[in-house]
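The lines below spell out each chain.
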Amino acid sequence: MMTNDPFARFEIEHLSSQSINLFLTNLPLFIIRYLYKYKNPTNAAMIRGSLTDKFIGSALRYQWDVDLKSWERTAPNYSVKDLQERANKYFDAEIDDENFEDTPEKIQTEKDNLNKYIELGVPFYRSLGDPVSYQKKVSLDFDELSI
């Protein structure tokens with residue numbers, strides 16, 4: 001018997017901030033990931049890399065604008081410690097939101113690396129002055145294969 005509860009119907013136990021943002025910014029991808037349960041392969045190192053980029057971007061006063069779907073300059077100037085604390089919360093949420101084959105030791109190593117990369121990267125990139133631009137999405141289409 002089919003239920004009227006969409007969460008039960010699609011076996012969704014909770015919605016993270018990332019899944020809600022995905023719903024708001026890219027509904028088709030949300031449907032594929034959360035309703036059809038297809039997820040790209042990922043691991044703790046990939047999450048560490050993405051979050052390092054995001055939080056060093058925050059240190060340079062860039063932030064993802066959901067409405068404009070682009071990186072925009074912002075006013076906040078976060079300390080390295082604050083960036084690390086925020087990055088750790090995102091890391092934990094991503095790990096809780098994914099199923100990994102990584103061992104708990106590998107996950108902890110990547111979390112430690114996240115803190116080290118932010119600690120070393122923020123002062124270095126700040127010393128270079130204002131960036132000309134920030135990372136942008138790159139899409140390549142080869143006939144029916146989309147990357």
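Residues numbered from 1 in each chain as written. Predicted model: local features only at pLDDT ≥ 70, side-chain atom pairs only at ≥ 80, totals over all residues. Heavy atoms only, no water.

1. Description of the nonpolar core
Generally speaking, a soluble globular protein has its nonpolar side chains buried in company with each other. Note the cut-off: Side-chain atoms within 4.5 Å link the members of a nonpolar core, which is a set of buried Ala, Val, Leu, Ile, Met, Phe, Trp, Tyr and Cys residues. Think of it in three bands: with a 1.4 Å probe and only protein chains considered, a residue is buried below 20% of the maximum accessible area for its type, exposed above 50%, and partly exposed in between. Per the convention used, a helix needs a DSSP run of H or I reaching at least four residues, while a strand needs a run of E reaching at least two, with both numbered from the N terminus. In what follows, a contact means two residues having at least one pair of non-hydrogen atoms within 4.5 Å.
Grouped together as the largest cluster of nonpolar side chains are 17 residues, with contacts concentrated most on Phe91, Ile95 and Ile118. Those elements that place two or more of their residues in this core are helix 4 (44-59), helix 5 (80-97) and helix 6 (104-127). Setting aside its immediate chain neighbours within four residues, Phe91 contacts Ala44, Ile47, Arg48, Leu51, Ile107, Glu110, Lys111 and Leu114.

2. Description of the packing of helix 2 (residues 17-25) against helix 3 (residues 27-35)
What counts, and what does not: Only the stretch in contact is used when fitting a helix axis, every axis being a line fitted to C-alpha atoms; angles between N-to-C directions are given from 0 to 180 degrees. Comment on the angle field: the value is read as roughly parallel under 35 degrees, roughly antiparallel over 145, roughly perpendicular from 65 to 115, and oblique elsewhere. Just so you know the grouping, Ala, Val, Leu, Ile, Met, Phe, Trp, Tyr, Cys and Pro go in nonpolar, Asp, Glu, Lys and Arg go in charged, and all remaining residues, Gly too, go in polar.
Viewed as axis vectors pointing N to C, helix 2 and helix 3 meet at an angle of 135°, and their least axial separation amounts to 6 Å. Put simply, helix 2 runs oblique to helix 3. For the pair helix 2 and helix 3, contact is made by Ser19, Leu22, Phe23 and Thr25 and by Leu27, Leu29, Phe30, Arg33 and Tyr34, respectively. Grouping the amino acids of the contact of helix 2 with helix 3 by side-chain chemistry returns six nonpolar, two polar and one charged.

3. Section: the confidence of the model for the protein chain
The test is simple: The pLDDT value expresses, per residue, how confident the predictor is, ranging between 0 and 100.
A residue-level look at the protein chain finds 77% of positions with pLDDT of 70 or above and a mean pLDDT of 80. Model confidence for the protein chain, summarised as mean pLDDT per element, is weakest for strand 4 (residues 145-146) at 50 and strongest for helix 6 at 93.

4. Description of the packing of aromatic side chains
Put simply, the rule reads: We call Phe, Tyr and Trp rings a pair once their centres come within 6.5 Å, taking the six-membered ring for Trp, and we label the pair stacked below 30 degrees between planes, edge-to-face above 60, and tilted otherwise. A ring is scored as having a charge over it whenever the NZ atom of a lysine or the CZ atom of an arginine sits within 6 Å of its centre and within 35 degrees of its normal.
On inspection of all chains with the given rule, the structure shows four aromatic pairs. Centre to centre, the rings of Phe55 and Tyr90 are 5.4 Å apart; their planes meet at 70°, and the pair counts as edge-to-face. Taken together, the positions of Phe55 in helix 4 and Tyr90 in helix 5 put the pair 35 residues apart, joining distant regions of the chain. On the basis of relative accessible area, Phe55 is assigned to the buried category, the value being 0%. By relative accessible area, Tyr90 is classed as partly exposed at 29%. Aromatic pair Phe124 and Tyr125: ring centres 5.0 Å apart, planes at 80°, arrangement edge-to-face. Of the residues examined, Tyr125 reaches a relative accessible area of 39% and is grouped as partly exposed. Aromatic rings pair up to connect Phe23, Phe30 and Tyr34 into one cluster. The ring of Tyr78 has Arg86 lying over it, and the distance from NZ or CZ to the ring centre is 4.4 Å.

5. A short note on the environment of Thr25
Short version of the rule: Counting of polar contacts relies on pairs of N or O atoms within 3.5 Å, with two restrictions inside protein: one atom must be capable of donating a hydrogen and the other of accepting it, and residues adjacent in sequence are counted only when both atoms are side-chain atoms.
On the secondary structure map, Thr25 appears in helix 2. Residue class for Thr25 comes out partly exposed when judged on its relative accessible area of 23%. There is a polar contact of 2.8 Å between the side chain of Thr25 and the backbone oxygen of Asn21.

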